[in-house]
Every structure is written in C-alpha cells, then in structure tokens.
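# Remarks on the overall topology
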Amino acid sequence: MDDDALDAAQMTELRQDLDDLAAAIRAQLEGGGARAATVQLDQSAVGRVSRIDAIQQQQMAQAERRRLRVRLQQIDRALVAMEDDDYGWCTRCGEAIGFRRLKIRPESALCVACLAALER
C-alpha cells in the first residue's frame, strides 16, 4: 500500500465527516425551499425595486440549492467509492489524495494537482 494511502482511523474519520456533511446539506435543502419559491409579481404590494430585489434573492437561493444538490451528489459518490475501496484516490491521475485535502473537502475526487490543471 502507498505511503500516502489513508489508514483505517483516517477513513473512519472521513466517513463520519461525509455522513455529517450529507446530513447538514439535506437539512439545508429541506429548510431552504421558501427562499427559492416563486416571487409574487404584484406591483401594488411591493415597489419595482423591491420586486427586482426579491427576484434576485430568489435566483440566488435557487443557485445555492443547485450547488448544494451537486455537492450532495459528490458526497454520495465519495461514499460509494469508500465502499468500493476507491476513496482517497484521484479519479484523474490515480495518485493518493492527501488527508488534509479530504478533511477540508471530503467529497474530493481529484488531487490538488489535477484540480489545478482543470482550472487553468
């Protein structure tokens, strides 16, 4: 096994991190629906600027919900990879993903080098 591979204690810790993060995101998705709901366009009730602000807030809330759903999918994929003993390995280059990176973003599928290469 590679020196950079995760040990059993690290895997247990990261599994708990993934479970906790998934639960927190699910709670956010369940509780944040009102902010993303359709904005009433009754100009007699609110002014034009207030209506535009409400629509902008709605769009930001919808974008946040999409971002959270994508992150939850990444977490689910990480949990499957963990079950398949593929967790902690970069899906692009096959090198180990460092424990510190996984502590920060436990659903990471790419090592820092591969992520940087994709962002260029």
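### Quick notes on the nonpolar core
The nonpolar side chains of a soluble globular protein tend to be buried, and buried together. Grouped together as the largest cluster of nonpolar side chains are 22 residues, with contacts concentrated most on L18, I25, I75 and Y87. Those elements that place two or more of their residues in this core are helix 1 (8-31) and helix 2 (48-83). With sequence-adjacent residues up to four places away left out, I75 is seen in contact with L18, L21, A22, I25 and E107.

### Some points on helix 1
Between the first and last C-alpha of helix 1 there are 35 Å, a value that for 24 residues agrees with the 34 Å anticipated at 1.5 Å per step. Among the residues making up helix 1, those that are buried are Q10, M11, L14, L18, L21, A22, I25 and L29.

### Some details on the state of the cysteines
Tallied over the entire structure, the rule returns 0 disulfides. This cysteine, C93, is not joined by any disulfide, and C114 carries the nearest cysteine sulfur, 3.7 Å off. Given a relative accessible area of 39%, C93 falls into the partly exposed group. No disulfide involves C111; its sulfur sits 3.7 Å from that of C114, the nearest cysteine. The buried category is assigned to C111, whose relative accessible area is 10%.

### Quick notes on unusual backbone geometry
As a rule of thumb, non-glycine residues mostly have phi less than zero, and peptide bonds are mostly trans rather than cis. With a phi close to 60°, D85 is a non-glycine residue in the positive phi region. Residue position: D85 is located in the loop between helix 2 and helix 3 (99-104). By relative accessible area, which is 64% here, D85 ends up exposed.

### Description of the pattern of salt bridges
A full pass over the atoms with the stated rule returns 8 salt bridges. Note that E64 and R67 form a salt bridge whose closest N and O atoms lie 2.6 Å from each other. With E64 and R67 both in helix 2 and 3 residues apart, the pair spans about one turn of that helix. A relative accessible area of 28% places E64 in the partly exposed class. Taking relative accessible area as the criterion, R67 reaches 40% and is therefore assigned partly exposed. Counted as one network, the salt bridges with shared partners bring together E13, D17 and K103.

### Structural notes on the environment of P106
Position of P106 relative to the elements: it lies in the loop between helix 3 and helix 4 (112-119). Among the residues examined, P106 registers a relative accessible area of 4% and is labelled buried. Note: C-alpha distance between P106 and G88 (18 residues apart in sequence) is 8.8 Å. Excluding residues that lie within four positions of it along the chain, P106 makes contacts with L14, D17, L18, L21, A78 and Y87.

Criteria and thresholds
- Residues numbered from 1 in each chain as written.
- Predicted model: local features only at pLDDT ≥ 70, side-chain atom pairs only at ≥ 80, totals over all residues.
- Heavy atoms only, no water.
- Core = buried A, V, L, I, M, F, W, Y, C linked by side-chain atoms within 4.5 Å.
- Buried < 20%, exposed > 50% of the residue type's maximum accessible area, 1.4 Å probe, protein only.
- Helix = DSSP H or I, 4+ residues; strand = E, 2+ residues; numbered from the N terminus.
- Contact = heavy atoms within 4.5 Å.
- Expected span 1.5 Å × (residues − 1).
- Disulfide = S-S within 2.5 Å.
- Salt bridge = Lys/Arg side-chain N within 4 Å of Asp/Glu carboxyl O.

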